[in-house]
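Descriptive analysis of the structure
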Amino acid sequence: MSTHRFPIRVYYEDTDMAGIVYYANYLRYIERARSDWVREIGIDQLAMKAEGVVFAVRRVEADYIQPARFDDLLEVETTLSKLTPARMIMAQKVFRGAEILFAAEVTIACIGAGGKPARLPAELRLLSTPPAS
């Protein structure tokens, strides 16, 4: 699986009183990038929902490294790190040029009726993941 890249522009509404990106907005940025990645690999989340299956964030481990500021052009890099029948682990980084600003490891579970684990869509299960290091 190759790395997915997603551009983000920082708007005034993204910043806090100090003029830097409010910490919770990085989670929004990486969510948008994951949604775009899922769409690009051919998964229709509305069709999944109609079948009673959805993705849910199970865990996020985040590291805030450097601040982003108003009007910065950022890029979210998303890579699939691990895949099991019912969940995936994504490595996501936010860059400003070559400078890394934020890094996260996100565990996404696939859940069905009543919040019980469900199998990931076939398109995802067919993806290969890199060997564990």
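You'll find the structure just up there.
About the cut-offs
Residues numbered from 1 in each chain as written. Predicted model: local features only at pLDDT ≥ 70, side-chain atom pairs only at ≥ 80, totals over all residues. Heavy atoms only, no water. Helix = DSSP H or I, 4+ residues; strand = E, 2+ residues; numbered from the N terminus. Polar contact = N/O pair within 3.5 Å; in protein donor to acceptor, adjacent residues only side chain to side chain. Contact = heavy atoms within 4.5 Å. Expected span 1.5 Å × (residues − 1). Buried < 20%, exposed > 50% of the residue type's maximum accessible area, 1.4 Å probe, protein only. Phe/Tyr/Trp six-rings, centres within 6.5 Å; stacked < 30°, edge-to-face > 60°. Salt bridge = Lys/Arg side-chain N within 4 Å of Asp/Glu carboxyl O. Pairing = 2+ DSSP bridges.

Relative to the helices and strands, threonine 15 resides in the loop between strand 1 (4-9) and helix 1 (23-40). Polar contacts involving the side chain of threonine 15 include one to the main-chain carbonyl oxygen of tyrosine 12, which spans 2.7 Å. Discounting residues that sit within four places of it in the chain, threonine 15 has contacts with Val10, Ile20, Val21, Tyr22 and Phe70.

It is worth spelling out helix 1 at this point. Between its first and last C-alpha atoms helix 1 spans 27 Å; for 18 residues at 1.5 Å apiece the expected length is 26 Å, and the two agree. Within helix 1 the residues assigned to the buried category are Asn25, Tyr26, Tyr29, Ile30, Ala33, Arg34, Asp36, Trp37 and Val38. Two residues or fewer past helix 1, glycine 42 is found with a positive phi of approximately 95°.

Here we take up the packing of aromatic side chains. A full pass over the atoms with the stated rule returns 7 aromatic pairs. Ring plane angle 75° and centroid distance 5.7 Å describe the contact between tyrosine 26 and tyrosine 64, whose orientation is recorded as edge-to-face. Of this pair, tyrosine 26 sits in helix 1 while tyrosine 64 is found in strand 2 (residues 54-64), placing the two residues 38 residues apart along the sequence. Three or more aromatic residues joined by ring pairs form one cluster here, namely Tyr22, Tyr23, Tyr26, Tyr29, Tyr64 and Phe102.

Attention shifts here to the pattern of salt bridges. One pass over the structure, following the stated rule, counts 8 salt bridges. Aspartate 72 is the partner of arginine 96 in a salt bridge, and the nearest nitrogen-oxygen pair spans 2.7 Å. Remark: aspartate 72 occurs in the loop between strand 2 and strand 3 (73-83) and arginine 96 occurs in strand 4 (residues 87-96); sequence separation between them is 24 residues. Classification of arginine 96 as partly exposed rests on a relative accessible area of 24%. You can call aspartate 72 buried: its relative accessible area is 15%. A salt bridge links glutamate 99 to arginine 96; the shortest N-O distance between them is 2.8 Å.

What follows concerns the pairing of strand 5 (residues 99-111). One ladder, built from 10 bridges, connects strand 2 with strand 5; its direction is antiparallel. Across the sheet, the residue bridging to glutamate 61 is glutamate 105, located in strand 5. The pairing of strand 4 with strand 5 spans 10 bridges and is classified as antiparallel. The residue of strand 5 that forms the bridge with valine 94 is phenylalanine 102. Connecting strand 4 to the next strand, strand 5, in antiparallel fashion are 2 residues, including glycine 97 with a positive phi near 65°.

Looking at the element boundaries, leucine 127 is found in the segment after helix 3 (122-125). Leucine 127 sits in the partly exposed class, given a relative accessible area of 22%. With 58 residues separating them in the primary sequence, leucine 127 and arginine 69 have C-alpha atoms 36 Å apart.

Honestly, that's just the spatial picture; any functional story needs more than this.
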